[in-house]
Structure formats: C-alpha cells, structure tokens
Amino acid sequence: HELDAEIPIEGVLGSSKSTFVFERVDSNFEGIPQTKVTMQTRVDIAGSVPTFIMNRLAKRFANNLSMMRKKFDKTPLIEASHRPRLAEALAQIRPSGQEAEAALEQFKALFDTRDGSSKPRESETYQAAATRYHKGWGVSSVGFSTRLDEAAAFLWDYGSRTNTKISGDLERRVTEEAANNNVLTQVVLRKVLDKKNVVHEFKNKMFLHKIDDDTVIIASEPLEMSAGSTKYAIRLRRNGLRPSHTRADLAVEVSLESKSKHGKLLKANVLSLLNEFSRMSIHFHRQMPLDEFEADDGRSLAHDILWLDNLKTRQERLAIVSTSSKALKELEEKYPWFRIMMEKVIEGKLHMNRPVKSKLVAVTESDARHLGKNLIPALRSKKKAETGLDQWTIQNRAIKELLEEHGFLQAFFLTISKGVVKTAAWGLLWRVTVGAVLSVTDLATDITVLVGFYVNSRTEYFEAALMSIVASFLLFLLIVYLQYGKTGWRRILKETAIVLVGMKAPWDAYKVAKGEEKEQGTTLDPLMEMTFNKAAELAAEAIPSVLIQISAIIDDPNDPSKMVLFSVIISALTTGFTSAQISYDFDTDPAKRIQSPDFYGYVPDNPRKRTIIFFALVLMPSFQLLMKGLCFVLLARVSAAYVYAYILADLSLFLALKVIRRDLCYWMRMEGWLMWPICILIRVGIKLITDFTGIVQFRHPNEVGGVYWTLNLLLNLGGLFVALHLCQDTISTERMVILWKLSVMLTLGFVLTFIIFIFNINKKFISTFFSVETGSQMTQRKFFEATDASEKAKAVFGSNYFVWMPIRKDVKLWIDVNWIIWNDDRPIWLTDELHSRIVTDMKKIRKHEGENGKIVPEGSMRSNVSELEFSKGRGISAQLSNVRMTG
C-alpha cells in the first residue's frame, strides 16, 4: 500500500502479496546445513470466482517451494553418508534360528498361496494382483541393482527422503527402534494424503530377520486396526547369477472392513504398493554405470522409459530418465544424438523408410531423426517386434554397429519396440483390424454365396459349402483342445467362445503382435498356434470354398454372377495372403534364423527385394490354388473316381515314404493314444494344403520336405493340362476355349512369379528346395552339431520323443553326465517346462531299456570314459570334465 502513491494502480483490480521467511536450523543432519523456508501468499483478484478454481490456482504458488527444494536437494549426499553405516550395522545381525525360520515360512505362505502361476526366474520381473471379498493380495518379483546389504539398508531406512518420495506419501518416519543380535524392530508412522486432501495415519511394526548370508526377510504388520490394514513381507536374496545384485520378492495383503466389497479400491491399493516396489527397483537401476549393463538391464531401462507412472507422455518420461539414469547419461555423452533418435522412436508415428548408410561415428542429428523414424515402418510391416527390429538393424549401418558395441541395447530396443507396437494406432490395432477384415470378409462372401446356393435350389453346393464352414470350426476347436487341454476348463471355454464368434484370427494376431511368450501348460507358442489355425482355415474352409465355387461356375449354364466371381477372387487372395504371412513370418523371425541358419534366411535384407518376395509369396499360392482347384473340378466332371484315385494314390505314396523313412510321427509333442491318429491327420492336412497352395514354409523337413515340395509343384503344373485334355468332351467348345486361355494365363502367371521369387531370394537357400532330409534326421543332426547345452536340449526335448528315439542312448548318456550339475546350478535356459519334459522323456527311455524310472542313477555315476568315447565321437565326451561323482 505504501507504493500506491508512487505507482498508481488505476485499472488494476487484482492484487497479491507474498512473504518468504528463511530460518537457519541449528542442527546439521549428517554434516549438511539445514534451512527452514516458510511462505505466505495472499491473492485477491477482486471478482466472484468459485472456490475450486482458486484452490487449483493456489497450488501454483506452492510449487515455488517445491522447485526451491528440488534446486537445493542434498538427499544423495545425506544418504550416501548415512546408509553405508546402516548397511554395516545390518551386516552384524546374526541368523536368528527359529525366529528366522518362522519368518521365512510366513513369507512363503503369503507369497506362494497367492501366486497362481509359475515362479519367475532370476532374470524376470513379475507382478500379479487379485481381490476377493474384502481382501486383496499382490506379489511382485524384481531385481535390485545393488548388493544385498545395501538393498536391506534402503528398505529398512523407512523414513528416508528417497523412500518417502518413491512412495508418494506425505510423511514417513520411525518412532521407535529396538535391536538385538538376532532381530531388528522398528515402529513406523506413515501419513497419506487422499484425493480429498484428507490426511490418514498408519502405524506399523517392522521386523528384519537374517535367514543366512544370502537371504534377509523384512516384514511389516499393522499396530492399529482402522477401516483397513496392510501387511507385507519382503524377501531379499543374493542373485545367484549376478552376486552384486539382489532379487527381491514382495507379498502384500490389504484388508478393508468386512462390509466393504470395493474390488476396484482394493486392487488399486494393492497395485499402489506393487508399483512402489517397482519404483525402488528403478531407483537402484538408475545408479548403474553403463559398463555394468547386461541384457536384463537393457530391458529394465526400456520398461523405465515406457512406464508413464502418472505422466502424460513418454517424452516427459524420457526426459526424466535421461537426467536421472547414470548409464543413459553416459550413453548420451558418448552419442549426443541418441536422445534425438529415442524421441522419434517413442513418438511412434509412421514415416517413410529412408535407410541411413552413415557409420556410427559419423551420425548427425538429421541422421538420428531418420534412424528413429525408420524403426516405425519396420515394426509396422512385421507381425513380430523381433522381426521388425531385425530389419531396422540390417538396413541402418549405425544401428548395427551400435548394437555390436553395446549388446544390452538389443534387449532395450526390443522391449521399446514391443511397447510402441502395443500402444500405437497402427500397431496392435492395425494387425488385429487387418486380420479381422480379411477373416470376416472371406467368411461374409462365403456365407453370401451359400445363401445364393440355397435360394437358387442348388442343394448339393449349399450342403458342401455348409459342411466346409462347419468343418473349419471343428478343426479350430480341436486345435483349442490340443493347445489348452492342460490349462483348465475355464481357459478352454474362453478360447472356444472366441472361435464360435469368428474372432480367432484377429485374436491370434493380437497375441503374436503383443509379443506374448509360450504359456505354461500349452503345447505351442503363439506364432505356431496362429500358423496351425491358419492351416486349419486353409484346409477346411478356404480351399474347399474355392473348389465348390469353381465347380458351381462351370456347372452353371448361365454366366456366373459377379458375387460368385468376387468371392472366388477374395478366397484365392485371402489364401495367398495367409500363406505368405506363414512363410514370411517364419523366415524373417530372428530366433528362427539363429536356430536354423541353414534353412531360414532366404528373404534378403534389401527392403526392395523383401517387398518383391512378399508379393510373390502372395501371388504364387493364389495362382496355385486356382490351378489345382480347376484341375480337380475338371477331373470330377469326367469321373469322380479319377479324383478319388488321384488323392488316394498321392496320399498313399506320401505316407508310405514317411513310414519307410521313419518320419511319420509329427514333431509336435503329444501324449496318449490319440497321438498317432493326430499325427496322421496333421500329415494329411499339411500335404493337402501344400498341394493346393504350395506354401514355401512347408518345404521344411518337419513338413513335406524340400524335394517332395518341388516335385509336387511340377506335378501341379502338368496336372491342369491333363485334366483339360480329359474333359474336353464334357464341356461346350465355347467354354473349353475360355478354360484353356484361363489355364495358360494362370500357369504363365505362376511361372513368372516363381522365377521372380527365385531370382530375388538369397541363392544359398535354393538347395533347401531339393533337400531330402527328414524332420527326424534334422532333429538328430541338430543335437549332435550343437555346441551349447541349451541348443542340444531344445533340439530334442522340444520335439516329440519318437522323432529322436533312434538316438535315445546318446541323449541318455548326455543327460546322465550333466543332470546333477544342472539340478544344482539350475541354468537360466532350464525352465520349469523344459525340466519337466526332460524328466518325462528320460522315463520313457528307462522304460524302453527296462530300467527304473529314476533320472539320475543312485550310487556312483555309471558312465565312464570308455562309454563316453564309444558315443560315436559326437562331442559328448567334452562334457566329462563337468561330471560330479556321487556316492
């Protein structure tokens, strides 16, 4: 007011006044000077403004203090001097005997009974939550990038500023402490501010038990029961794979009043605690230097960037992580353009693909923008993120060099890619939409033609088309049973419902694009499941539909309707597109190329050639389906016996060759009396699909084989003209001329497309089109050629036992030598499922050889040097130095 005379305020209605008071705090905390700041503000905008608006505006003034606190924050210095002393004190605690065992049992009871899935392995992050009535449970397993004693000290330092910030609580402090040589206890007070600005206080008692030198349990129980209570237990274990790191498991239980049944509120509370645990993991991870990063750390860094955690955009999250992650700051100091590239990657917008040829050392900011933009079209054009990332790496030299220099970035970019695909409008939405549109359009045209047959009283075609649609649904249901038979009836009912509403194709595409892994108890991974469903659709619906409609067109004395012609073309192109997806996705899958480099890789790295090959893969099956369909229809006009004789002779020859070459058993793992009928059914189905579509993937030794695929192709080319010659007396001359012209056009189109395909693939894979190797021989060869234990195990135990039964003695010897070591050390590749498969198949071997069902022989190891050297010299003797003698 004293300034009013000096500076007139005419025309100004609003006014404000702020006062800051700075007071020196006498006590220094850990040697750091402390200052107390108080601010008072009064604002008068001289108007009638609703209270809620003024309250919202008032928060902006309070932000001044928050910004000041961040500016002068000395938390890292304080905790750097305080926490090591706390860790040293914790290290003096001795294992507490019975109390420790009781604490461990209580933790296991809380963790295991609420965790319905298989336990996470050492390198995995896991989180799950569930509610029932007035209780909620949650479990989480994460990795802390720090030593066991430092992790325990961090969690025990409940009132630290970092812990308070991570939790989002208003205040945390320790009110009482007690200790003896066995157990540490403390009473903690927690203040939480809810959405209505009401403060809630919670009091808990915490216990720390040292189980042994590698395990610590921290538990918390409520002291005061109110409307709700929370108890949790944390188990910290020294990471066996990385001793400088810690595995942390959290089990939490939240209870509300017995009358409250707010499931959403319960789950929100549980997830809040689980997310707090994840933030702790992120806190430690951000302190890691770049030179310590491994693949798991790359995935963790990517999850850190992708997790918005109450932020609006990923750009905001990237900015926070870039300034707080030690490794990312080092990476950006080395490559200043890295942040620019990442901004374009997480933006997720579609751009034209412009491959960057610059070396890593010569990348400019402009190159960085194009590098980031190039990942998006690569992901957009592929069904799996792994394949899109592989294409991005191949087409951009700097990215390839970057991944070679920093191996963890492969896992980092793969996780980022999956996150971008999952949320981008062109990602999962595009894949699911394309799958749904193709599937629904094909089904709609087939149903329209079906109705047309019924209206025009063409009963035989109506019944045949209806049987085709019903057969496809029955095959889908059979695959559901084979895939999910061991997962429980609820899952089977869910998948059955998806089949019955006609959404199986987009659902499969969704799971593959999302990057889902093979589930516990299922037979196939998502990509293989999708392939089987597509094959079932081809065998039971797409191919019969084309046959029926071609036959109807030829038998109709009048000109065919446009709808029938349109339906035939749609069915052929849909079949071609489906066939192309199967072949292209398998060949460009990086995992497949690593597992079978002598078979996968015919699609070159050049983007132009990749596009040409994909279109060729679409057109070749489309042409072949029309050719084969026309051939069968023409033969049927001469005599149905010709068709039956042809099919019977062809299938008999195929199955006879499979039996003679001991390759009748299909590679997929199956059990029970239905195995052989299902194997024969699958063999027959794949043979018929190959006859009508010539899917390039089916030249695989596990399917029809290379040389049989090529002979089948040549037979199809000549078969159409033989059929035309035989039926020329049964069709009018005018139509015969049209059929000859159509046949020549289809044949020339196929041959031209095939030539283009051959000229554009990688030439070293042409030999795979003439290979005589069977699936059984390939599996056995992989076992003997593999130098890594995981590759050997996956080669045999990923296949049906009868496929590799001829080498069972070699496999048994290899298992005998290594089993004790694997059981003790439990390598990361030995998953629970693979472990179970080994046990099952080894029991079959013992049964074959008349031994007992035990995997590891009792007493001393029976395998000796002479036995190992007798095993055909196939690398098994190299494992002898790792044998641990028993008995």
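Residues numbered from 1 in each chain as written. Predicted model: local features only at pLDDT ≥ 70, side-chain atom pairs only at ≥ 80, totals over all residues. Heavy atoms only, no water.

(A) Quick peek at the overall build of the chain. From N to C terminus, the chain includes 31 helices and 10 strands. The 887 residues of the chain split such that 47% are buried. Put simply, the chain shows about 45,100 Å² of open surface, and 58% of that area lies on carbon and sulfur atoms. (Helix = DSSP H or I, 4+ residues; strand = E, 2+ residues; numbered from the N terminus. Buried < 20%, exposed > 50% of the residue type's maximum accessible area, 1.4 Å probe, protein only. Areas by Shrake-Rupley, 256 points an atom, 1.4 Å probe, with all protein chains shown as cover.)

(B) Focus on the side chain of Arg-286. Relative to the helices and strands, Arg-286 is located in the loop between helix 6 (263-285) and helix 7 (295-306). The exposure class assigned to Arg-286 is buried, which follows from its relative accessible area of 14%. Within polar-contact distance, the side chain of Arg-286 engages the side chain of Asp-304 at 2.9 Å. Setting aside residues up to four positions removed in sequence, Arg-286 forms contacts with Asp-304, Arg-317, Ile-320, Val-321, Ser-324, Ser-325 and Lys-326. (Polar contact = N/O pair within 3.5 Å; in protein donor to acceptor, adjacent residues only side chain to side chain. Contact = heavy atoms within 4.5 Å.)

(C) View of helix 30 (residues 832-848). Spanning 17 residues, helix 30 covers 25 Å between terminal C-alpha atoms, matching the ideal 24 Å at 1.5 Å per step. Every buried residue of helix 30 is accounted for by Glu-833, Leu-834, His-835, Arg-837, Ile-838, Val-839, Asp-841, Met-842, Ile-845 and Arg-846. (Expected span 1.5 Å × (residues − 1).)

(D) Focus on the nonpolar core. One finds Leu-617, Leu-634, Tyr-666 and Phe-757 to be the most contacted residues of the largest nonpolar core, which totals 77 residues. Among the elements of the structure, helix 16 (459-484), helix 19 (526-555), helix 20 (562-588), helix 22 (607-638), helix 23 (640-660), helix 24 (675-693), helix 25 (706-726) and helix 26 (733-760) are those that each provide at least two residues to this core. Non-local contacts of Leu-634, meaning those with residues more than four positions away in its chain, are made with Ile-554, Leu-720, Ala-723, Leu-724, Cys-727, Ile-731 and Leu-739. (Core = buried A, V, L, I, M, F, W, Y, C linked by side-chain atoms within 4.5 Å.)

(E) Region of interest: the packing of helix 24 against helix 25. One can describe the packing of helix 24 onto helix 25 by two numbers: an axis separation of 9 Å at closest approach and a directional angle of 50°. Comparing their axes, helix 25 and helix 24 come out oblique. Crossing handedness for the pair helix 24 and helix 25: right-handed. Here helix 24 contributes Lys-687, Thr-690 and Asp-691 to the contact with helix 25, which in turn contributes Tyr-708, Trp-709, Asn-712 and Asn-716. Taken together, the residues of the contact of helix 24 with helix 25 sort by class into 2 nonpolar, 3 polar and 2 charged. (Axes fitted to C-alpha atoms, helices over the stretch in contact; angles between N-to-C directions. Parallel < 35°, antiparallel > 145°, perpendicular 65-115°, else oblique. Left-handed = near helix turned anticlockwise from the far one by under 90°. Nonpolar A, V, L, I, M, F, W, Y, C, P; charged D, E, K, R; others polar.)

(F) Focus on the environment of Ile-498. Mapping Ile-498 onto the fold places it in helix 17 (residues 489-500). Aside from chain neighbours lying at most four places away, what touches Ile-498 is Met-503, Lys-504 and Trp-507.

(G) Highlighting the pattern of salt bridges. Across all of its chains, the model carries 36 salt bridges by this definition. When the shortest N-O distance is used, the salt bridge between Glu-495 and Lys-504 registers 2.9 Å. The class for Glu-495 is buried, based on a relative accessible area of 0%. Classification of Lys-504 by relative accessible area gives buried; the value is 4%. A salt bridge links Lys-812 to Asp-816, with the nearest nitrogen and oxygen atoms 3.4 Å apart. One end of the pair is Lys-812 and the other is Asp-816, both in helix 29 (residues 808-825) and 4 residues apart, which spans about a single turn. Looking at Lys-812, the relative accessible area reads 13%, which means it is buried. (Salt bridge = Lys/Arg side-chain N within 4 Å of Asp/Glu carboxyl O.)

(H) Geometry of the pairing of strand 8 (residues 215-222). Of all 8 residues making up strand 8, 6 are buried, and the element is well covered by its neighbours. Pairing analysis gives 8 bridges linking strand 7 (residues 199-212) to strand 8, with the strands arranged antiparallel. Within the sheet, the bridge partner assigned to Met-206 lies in strand 8 and is Ser-220. The antiparallel hairpin formed by strand 7 and strand 8 contains 2 residues in its connecting segment. (Pairing = 2+ DSSP bridges.)

(I) Looking closely at the confidence of the model for the chain. Chain-level statistics for the chain give a pLDDT mean of 80 and a share of 85% at 70 or above. The low-confidence segment residues 114-124, where pLDDT is below 50, has 28 contacts with residues more than four positions distant or belonging to other chains. Across residues 852-887, where pLDDT falls below 50, the model places 56 contacts with residues more than four positions away in sequence or in other chains. (pLDDT = per-residue confidence, 0-100.)

(J) Just empty space enclosed by the protein, in detail. Under the counting rule described, the total for this entry stands at 6 cavities of 30 Å³ or more. Taken together, Asp-446, Val-449, Leu-450, Phe-453, Ala-465, Ser-468, Ile-469, Glu-541, Pro-544, Ser-545, Ile-548 and Gln-549 make up the full set of residues lining the largest cavity. Among the elements that line the lining of the largest cavity, the one with the most residues is helix 19, at 5 residues. For the lining of the largest cavity, a count of residues per class yields 7 nonpolar, 3 polar and 2 charged. (1 Å grid on protein atoms, 1.4 Å probe; cavity = no way out; pocket = protein on both sides within 12 Å on 5 of 7 lines; lining within 4 Å. Points joined across faces, edges and corners; volume = space filled by probe spheres on them.)

(K) Highlighting the packing of aromatic side chains. Tallied over the entire structure, the rule returns 34 aromatic pairs. Look at Phe-412 and Phe-413: their rings are 5.1 Å apart centre to centre, the planes differ by 70°, and that puts the pair in the edge-to-face class. Judged on exposure class, the residue Phe-412 and its partner Phe-413 are both buried. Seen from the ring of Phe-599, Arg-699 lies directly overhead, with NZ or CZ sitting 4.2 Å from the centre. The cationic tip of Lys-792 hangs over the ring face of Phe-783; the distance from NZ or CZ to the ring centre is 4.5 Å. (Phe/Tyr/Trp six-rings, centres within 6.5 Å; stacked < 30°, edge-to-face > 60°. Lys NZ or Arg CZ within 6 Å of the ring centre and 35° of its normal.)

(L) A look at the packing of helix 22 against helix 23. Viewed as axis vectors pointing N to C, helix 22 and helix 23 meet at an angle of 130°, and their least axial separation amounts to 5 Å. Of the possible angle classes, the one that applies to helix 22 and helix 23 is oblique. Side by side, helix 22 and helix 23 meet where Lys-628, Phe-632, Leu-635, Ala-636 and Val-638 of the first sit next to Ala-640, Tyr-642, Val-643, Tyr-646 and Ile-647 of the second. Class assignment of the residues belonging to the contact of helix 22 with helix 23 gives a composition of 9 nonpolar, no polar and 1 charged.

(M) Up close: helix 12 (residues 385-395). Here helix 12 lies mainly inside the structure; 10 of its 11 residues are buried. Every buried residue belonging to helix 12 is among Ala-385, Glu-386, Thr-387, Gly-388, Leu-389, Asp-390, Gln-391, Trp-392, Thr-393 and Gln-395, and all of these are buried.

(N) Structural detail: the state of the cysteines. Tallying each qualifying case throughout the model produces 0 disulfides. For the unlinked cysteine Cys-631, the closest cysteine sulfur is that of Cys-727, found at 9.4 Å. Residue class for Cys-631 comes out buried when judged on its relative accessible area of 6%. Cys-665 supplies the cysteine sulfur nearest to Cys-679, a cysteine that is in no disulfide, at a spacing of 4.2 Å. (Disulfide = S-S within 2.5 Å.)

(O) Geometry of the environment of Cys-665. By the element assignment, Cys-665 lies in the loop between helix 23 and helix 24. Residues Cys-665 and Ile-680, 15 residues apart in the sequence, show an inter-C-alpha distance of 7.7 Å. Residues in contact with Cys-665, not counting those within four places in the same chain, are Trp-676, Cys-679, Arg-683, Asn-800, Phe-802 and Val-803.

(P) How the structure looks around a nonpolar patch on the surface. Taken together, the side chains of Val-43, Ile-45, Val-49, Phe-52, Ile-53, Leu-57 and Phe-61 make up a nonpolar region of the molecular surface, amounting to roughly 530 Å² of accessible area. No other element matches the 4 residues that helix 1 (residues 51-71) contributes to the nonpolar patch. Tracing the sequence through the fold places Phe-52 in helix 1. (Patch = residues over 30% accessible without salt bridge, like charges linked within 9 Å, V, L, I, M, F, W, Y side chains within 5 Å.)

(Q) Focus on the side chain of Arg-172. Relative to the assigned elements, Arg-172 resides in strand 5 (residues 171-179). A polar side-chain atom of Arg-172 sits 2.8 Å from a polar atom in the side chain of Asp-169. Reaching out from Arg-172, the side chain makes a polar contact with the side chain of Glu-276 at a distance of 2.8 Å. Those residues within four positions of Arg-172 in sequence are excluded, and the remaining contacts are Tyr-158, Gly-159, Asn-163, Thr-164, Ser-167, Leu-189, Arg-190 and Glu-276.

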